[in-house]
Amino acid sequence: MTHALLVIDVQNDFCPGGALAVAGGDEIVAPINAMMEEFDAVILTQDWHPAGHSSFASSHKGKSPFELIDMPYGPQVLWPDHCVQDSKGAAFHPELRTDGDLILRKGFRSGIDSYSAFFENDHQTPTGLKGYLETRGITRLTLVGLATDFCVHYSAVDAARLGFDVTVRMDACRAIDMDGSLAAAEQAMRDAGVTLA
Ligand SMILES: [Zn+2]
């Protein structure tokens, strides 16, 4: 019982029609549901922001979505308001199976974003997922979900750095891909020892 499927942020706001829609984001729902049977454990993450979160452009006077700003913890892309706690946009895609073992929420602290399922964007504040996986004896992770170049990328790199055996199923991910972010993410994942399948 050592191989877990980690399903990243398959939520309404990241699917077509959502506030931060990723092209084709809904196309991966059926393949992910089908894959769940193959794993010893299934863990879903859920982006979960309070209203007025610091990653929202609307929280910064004069700033627009997709601008980059400097936060105390480093550079941060500003996003449209998305995945506000308890909103329809924050809910999982209605056809996604959510009968997994664990739902991990992230990005709930107003002053810091969390792309990775393991650490917030200061790369230091833990989410607790490492301890959960270790205490369950899980050593292998397969990642799928949204978006390839942000939350999947940062989760995969952190997982590899923490010593997990990590594969990203690229066919079950979709990317935002702005300013070459997908190519950069693929390189960073390979450099960290992640298998892109
Ligand atoms: Zn977010």
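Above this text sits the structure in question.
Residues numbered from 1 in each chain as written. Predicted model: local features only at pLDDT ≥ 70, side-chain atom pairs only at ≥ 80, totals over all residues. Heavy atoms only, no water.

## Remarks on helix α3 (residues 148-161)
Thinking step 1. Within α3, 12 of the 14 residues are buried, leaving the element largely enclosed by the surrounding structure.
Thinking step 2. Buried within α3 are the following residues: Thr148, Asp149, Phe150, Cys151, Val152, His153, Ser155, Ala156, Val157, Asp158, Ala159 and Ala160.
Thinking step 3. Following α3 by one or two positions, Gly163 adopts a phi angle in the positive range, close to 100 degrees. (Buried < 20%, exposed > 50% of the residue type's maximum accessible area, 1.4 Å probe, protein only. Helix = DSSP H or I, 4+ residues; strand = E, 2+ residues; numbered from the N terminus.)

## Digging into helix α4 (residues 181-191)
Thinking step 1. Residues of α4 that are buried include every one of Ser181, Ala185 and Met189, and no others. One face of α4 carries all of its buried residues, which in axial projection span an arc of 70 degrees. Across α4 from its buried face, at more than 90 degrees, point the exposed residues Ala183 and Asp191.
Thinking step 2. Where the residues of α4 are buried, they touch α3, β7 (165-174) and β8 (195-196).
Thinking step 3. Positioned one or two residues after α4, Gly193 has a phi angle of 95 degrees, which is positive. (Arc of directions from axis to C-beta. Contact = heavy atoms within 4.5 Å.)

## Thoughts on the nonpolar core
Thinking step 1. Membership of the largest hydrophobic core comes to 55 residues, with the highest contact counts inside it found for Val7, Ile32, Phe118 and Leu141.
Thinking step 2. Looking at this core, the elements that each hand over two or more residues are β1 (3-8), α1 (29-35), β2 (41-47), α2 (129-135), β6 (140-146), α3 and β7.
Thinking step 3. Considering every element that reaches this core, the biggest residue donor is α3, with 7 residues.
Thinking step 4. Ranked by size, the runner-up nonpolar core spans 6 residues in total, among them Ile69, Met71, Leu78 and Ile112. (Core = buried A, V, L, I, M, F, W, Y, C linked by side-chain atoms within 4.5 Å.)

## Side note on the sheet that holds β8
Thinking step 1. With parallel pairing, the 6 strands of this open sheet are ordered in space as β5-β2-β1-β6-β7-β8. Unpaired on one side and paired on the other, β5 (102-106) and β8 mark the two borders of the sheet.
Thinking step 2. Pairing of β6 with β7, which is carried by 6 bridges, proceeds in the parallel orientation. Note that in β7 the partner of Leu141 across the bridge is Val166.
Thinking step 3. Relative to β6, α3 is tilted by about 170 degrees, and along the sheet it contacts β1, β5, β6 and β7. (Pairing = 2+ DSSP bridges. Axes fitted to C-alpha atoms, helices over the stretch in contact; angles between N-to-C directions.)

## Quick notes on the coordination of the zinc ion
Thinking step 1. Ligation of the zinc ion by protein atoms is provided by Asp47 (OD), His49 (NE2) and His82 (NE2), these donors lying 2.0 to 2.1 Å from the ion.
Thinking step 2. Within one chain, the residues serving as donors to the zinc ion are arranged as D-x1-H-x32-H. Note that Asp47 is positioned in strand β2 and His82 in the loop between β4 (74-77) and β5, a separation of 35 residues in sequence. (Donors = N, O, S within 2.8 Å, 3.2 Å for Na, K, Ca; no water.)

## Things to note about the pairing of β1
Thinking step 1. Counting buried positions along β1 yields 6 of 6 residues, so the element is predominantly enclosed.
Thinking step 2. The alternating pattern of β1 places His3, Leu5 and Val7 on one face and Ala4, Leu6 and Ile8 on the opposite face, and all of these are buried.
Thinking step 3. Where β1 and β6 come together, 6 bridges link them in parallel fashion. Bridged to Leu6 within β6 is Leu143.
Thinking step 4. Bridge analysis of β1 against β2 gives 5 bridges, and the strand direction is parallel. Each residue of the ladder has a partner; that of Ile8, found in β2, is Thr45.

## What about unusual backbone geometry?
Thinking step 1. Here the residue pair Leu146 and Ala147 is connected by a cis peptide bond, since its omega of -15 degrees sits within 30 degrees of zero.
Thinking step 2. Inspection of the secondary structure assignment puts Ala147 in the loop between β6 and α3.
Thinking step 3. Even without being glycine, Asp86 reaches a positive phi, approximately 70 degrees.
Thinking step 4. Relative to the helices and strands, Asp86 resides in the loop between β4 and β5.

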